[in-house]
Amino acid sequence: RCQRIVQGLLSFARQRPTERELVYLGTVIDSSLAILRYQLRTANVKVARQVDPDLPPVLGDEHQLQQVFVNLINNARQAIEGHRRDGLLTITAAAHDGHVTVEFRDNGPGISEANLVGLAGGLAHSGKIPFVSSFACFLTCKAYDQLRMAVALPHLNVKVVVSHGGISVGEDGVSQQSIEDVALM
């Protein structure tokens, strides 16, 4: 058992050239979870793995996908660890309309709109085109300074997508409404 763990860690850490081949994402998810099994257990994070058994393989680099999955799982663990005594990470992999999706969801606290906009500004500064999405009043009221200073003034390419601008929609209630958001944006 120890040898398998050490071999897995060495394989994960080893740098290698990109090799695109058919990859079974269920296998990559399992190997990623195996690397972080101890950390998840000691942080009291339960994992719900929901992988379609008929999931087709995808073309990709298994090693790079594993690095991405390990980082996403570790980020979820860290987010949960600081805020909850018991956590849940749900990993879902499914195929729809010829596309395969893998979704990582945790019950951690999430990210504030201000931090989200600041992060998007940093990504845009490095050449990426990030999308930021939230309720209109949260982005305009809680993150207006970050939108102005980190995105608008340096003329960065950040796509801002908002909903519920100035209106009440169904069960979301009044805390997501704001008239000011129309004037600010």
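Residues numbered from 1 in each chain as written. Predicted model: local features only at pLDDT ≥ 70, side-chain atom pairs only at ≥ 80, totals over all residues. Heavy atoms only, no water.

**Examining the packing of helix H4 (residues 113-125) against helix H6 (residues 144-152)**
Going by this rule: Fitted lines through C-alpha atoms give the axes, limited to the stretch in contact for helices. The angle between two N-to-C directions lies from 0 to 180 degrees. For the purposes of this entry, the term helix denotes a DSSP run of H or I that reaches at least four residues, the term strand denotes a run of E that reaches at least two, and both are numbered from the N terminus. Roughly parallel means an angle under 35 degrees; roughly antiparallel, over 145; roughly perpendicular, 65 to 115; everything else is oblique. Residue contacts follow a heavy-atom distance rule, with two residues in contact if any of their heavy atoms lie within 4.5 Å. For this classification, the nonpolar set comprises Ala, Val, Leu, Ile, Met, Phe, Trp, Tyr, Cys and Pro, the charged set comprises Asp, Glu, Lys and Arg, and every other residue, Gly included, is treated as polar.
Where H4 contacts H6, the axes come no closer than 9 Å and their chain directions differ by 5°. Viewed along their axes, H4 and H6 adopt a mutual orientation that is roughly parallel. Where H4 approaches H6, its residues Ala114, Val117 and Gly121 are matched on the opposing element by Gln146, Leu147, Ala150 and Val151. Counted by class, the contact of H4 with H6 contains five nonpolar, two polar and no charged residues.

**Describing the nonpolar core**
Spelled out, the test is: Nine residue types can take part in a nonpolar core, namely buried Ala, Val, Leu, Ile, Met, Phe, Trp, Tyr and Cys, and a core is a set of them joined through side-chain atoms within 4.5 Å. Three exposure classes are used, based on accessible area relative to the maximum for each residue type with a 1.4 Å probe and protein chains only: buried under 20%, partly exposed in between, and exposed over 50%.
Judged by nonpolar contacts, the single largest core of 21 residues is most densely connected at Ile29 and Ile73. When contributions to this core are tallied by element, the ones reaching two or more residues are helix H2 (25-42), strand E2 (45-51), helix H3 (62-81) and strand E4 (87-96). Ranked by residue count, the leading element in this core is H2, at seven residues. Excluding residues within four positions of it along the chain, isoleucine 73 makes contact with Ser32, Leu33, Leu36, Leu40, Leu89, Ile91 and Phe104.

**Remarks on the pairing of E4**
Quick reminder of the rule: In this scheme, strands are said to pair when DSSP sees at least two bridges between them.
As paired elements, E2 and E4 share seven bridges and run parallel to each other. Note that in E4 the partner of valine 45 across the bridge is glycine 87. In terms of strand pairing, E4 meets strand E5 (residues 99-106) through eight bridges, oriented antiparallel. The residue bridging alanine 94 from the neighbouring strand is threonine 101, located in E5. As consecutive antiparallel partners, E4 and E5 are separated by two residues, and within that stretch aspartate 97 has a phi angle of approximately 50°, a positive value.

**What about the pattern of salt bridges?**
Note the following rule: Any Lys or Arg side-chain nitrogen located within 4 Å of an Asp or Glu carboxyl oxygen qualifies as a salt bridge.
Within this structure, the stated rule accounts for three salt bridges. Arginine 49 is the salt-bridge partner of aspartate 30, the closest N and O atoms lying 2.5 Å from each other. Pair noted here: aspartate 30 is in helix H2 and arginine 49 is in strand E2, with a separation of 19 residues, a long-range link. Its salt-bridge partner being arginine 77, residue glutamate 81 comes within 2.8 Å of it at the nearest N-O pair. Of this pair, glutamate 81 and arginine 77 both sit in helix H3, four residues apart, which is roughly one turn of the helix.

**What about the sheet that holds E2?**
The strands making up a sheet associate through hydrogen bonds between their backbones, and the pairing can be parallel or antiparallel. With mixed pairing, three strands are arranged side by side in an open sheet as E2-E4-E5. Each edge of the sheet is formed by a strand with only one pairing partner; in this case those strands are E2 and E5. Each strand of the sheet is rotated relative to its neighbour by a mean of 10°, with strand direction disregarded. Across the sheet, H2 lies against E2, E4 and E5, angled at about 175° from E2, the strand it touches most. Running at roughly 25° to E5, H3 makes contact with E2, E4 and E5 of the sheet.

**With respect to the environment of asparagine 107**
What counts, and what does not: A 3.5 Å cut-off defines polar contacts: any pair of N or O atoms within that distance qualifies, except that in protein one atom must be a possible hydrogen donor and the other a possible acceptor, and neighbouring residues in sequence count only when both atoms are side-chain atoms.
Looking at the secondary structure, you find asparagine 107 in the loop between E5 and H4. Distance in space between the C-alpha atoms of asparagine 107 and alanine 76 is 8.3 Å, their sequence separation being 31 residues. Dropping the residues within four chain positions of it, asparagine 107 is found in contact with Ile80, Arg84, Asp86, Gly87 and Leu88. Of the polar contacts made by the side chain of asparagine 107, one reaches the backbone nitrogen of leucine 88; its length is 2.9 Å.

**Here we look at H2**
The line we're drawing: To estimate the expected span of a helix, subtract one from its residue number and multiply by 1.5 Å. Consider a residue and the seven residues that end there alongside the seven that start there; fitting an axis to each set, the bend is the angle between those axes.
Taking 1.5 Å per residue, 18 residues should reach 26 Å; H2 reaches 25 Å between its end C-alpha atoms and fits that length. Remark: the principal bend of H2, roughly 60°, maps to leucine 36. Within the sequence span of H2, burial applies to Leu25, Gly26, Val28, Ile29, Ser32, Leu33, Ile35, Leu36 and Leu40. Once H2 ends, the next one or two residues include asparagine 44, with phi positive near 60°.

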